[in-house]
Amino acid sequence: MFSYDEVSKRQTAKERIAYCTQELPFIGAGSGRKVYSLSLVDNLVIKVAKNSKGVLQNTTEVALYAHRPMDVYAQVLYAGRDYAWIVSQKCATVDAKVFKQYAGAGFHAFCRCLNYARALESRESLSEEAAEEFQRVTGDHKNTYFDKFWSAVSQKGLQGSVVMETPRLIDTHRLSSWGLTMEETPRLVLVDYGSLVS
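Q: Talk me through the overall build of the protein; I want residue IDs and the actual numbers.
A: Summing up its helical and strand segments, the protein has eight helices and eight strands in all. When the 198 residues of the protein are sorted by exposure, 46% land in the buried category. Of the contacts made within the protein by residues no fewer than 6 positions apart, 58% connect residues no fewer than 24 positions apart. Accessible surface, the protein as shown: approximately 10,300 Å² in total, 51% of it carbon and sulfur.

Q: Go over the sheet that holds strand β8 (residues 188–190) with me, naming the residues and quoting the values.
A: Pairing within the open sheet is antiparallel, and its three strands lie in the order β6-β7-β8. Two strands lie at the open edges of the sheet, namely β6 (91–93) and β8, each paired on one side alone. Each neighbouring strand pair of the sheet contributes to a mean axis angle of 50°, computed without reference to strand direction.

Q: How would you sum up the side chain of E61? Please name residues and give values.
A: Assignment of secondary structure puts E61 in helix α3 (residues 52–67). Residue classification places E61 among the buried residues on the basis of a relative accessible area of 0%. For E61, the side chain forms a polar contact with the main-chain nitrogen of Y193, separated by 3.0 Å. Setting aside anything within four residues of it in sequence, one finds E61 in contact with R33, K47, V76, I86, S88, V191, D192, Y193 and G194.

Q: Can you tell me about the nonpolar core, naming the residues and giving the values?
A: Considering soluble globular proteins, one finds that nonpolar side chains tend to be buried as a cluster. Counting residues in hydrophobic clusters, the biggest one holds 34 residues, and the most contacted among them are Y73, F110, F149 and W178. When residues of this core are traced back to their parent elements, those giving at least two are α3, α4 (96–103), α5 (107–121), α6 (128–138), α7 (144–153), β7 (178–181) and β8. A per-element tally of this core places α5 first, with eight residues. Residues L24, L44, I46 and W85 belong to the second largest nonpolar core, which totals 14 residues.

Q: Residue-level account of unusual backbone geometry, with values.
A: The phi dihedral of D82 falls on the positive side, at around 55°, and the residue is not glycine. Here D82 lies in the loop between β4 (76–79) and β5 (85–89). Residue D82 is classed as exposed on the basis of its relative accessible area, which comes to 59%. With a phi close to 60°, Y83 is a non-glycine residue in the positive phi region.

Definitions and limits used
- Residues numbered from 1 in each chain as written.
- Predicted model: local features only at pLDDT ≥ 70, side-chain atom pairs only at ≥ 80, totals over all residues.
- Heavy atoms only, no water.
- Helix = DSSP H or I, 4+ residues; strand = E, 2+ residues; numbered from the N terminus.
- Buried < 20%, exposed > 50% of the residue type's maximum accessible area, 1.4 Å probe, protein only.
- Contact = heavy atoms within 4.5 Å.
- Areas by Shrake-Rupley, 256 points an atom, 1.4 Å probe, with all protein chains shown as cover.
- Pairing = 2+ DSSP bridges.
- Axes fitted to C-alpha atoms, helices over the stretch in contact; angles between N-to-C directions.
- Polar contact = N/O pair within 3.5 Å; in protein donor to acceptor, adjacent residues only side chain to side chain.
- Core = buried A, V, L, I, M, F, W, Y, C linked by side-chain atoms within 4.5 Å.

Below, the structure is given as structure tokens:
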């Protein structure tokens, strides 16, 4: 039976992954982490670092959530020693239709607008076409989700965090990095944001 104490006793990433693979349902993997379901315990997942990149991703998620516990990030509840693993909120996957329903804009338009907002923050100019699309999606604060999300990930939003740089939008531009919380009133959140500023 899985326990946090047991996974913490494992000294190497290989040992932690082997233990979790034996004890928990596997959800998926990225370049730095493997994710397992702790579904028997309140819709949680454990993200186990496979390498130093995974440790950095875990560290980033813990730091961002701790300093900016906005409604746009999946919750991080626990962290293992040296960020070898973290426990996060489990969310349902979203498709483009669900994303648009909750974000108020199509996924690709939303991503382009993130690029535009980052360019504007960096004092770059936008093409006329880009400026028009940005205004159409975000103008007059019609899209409150975009405003809320950008305020959480922008330089201004990251000032209280351990990192202070223009956000890298790698995670935000993958639909698989987004999820829907399993709460009474579901929220669209970023579930994989370890590369946002690392």
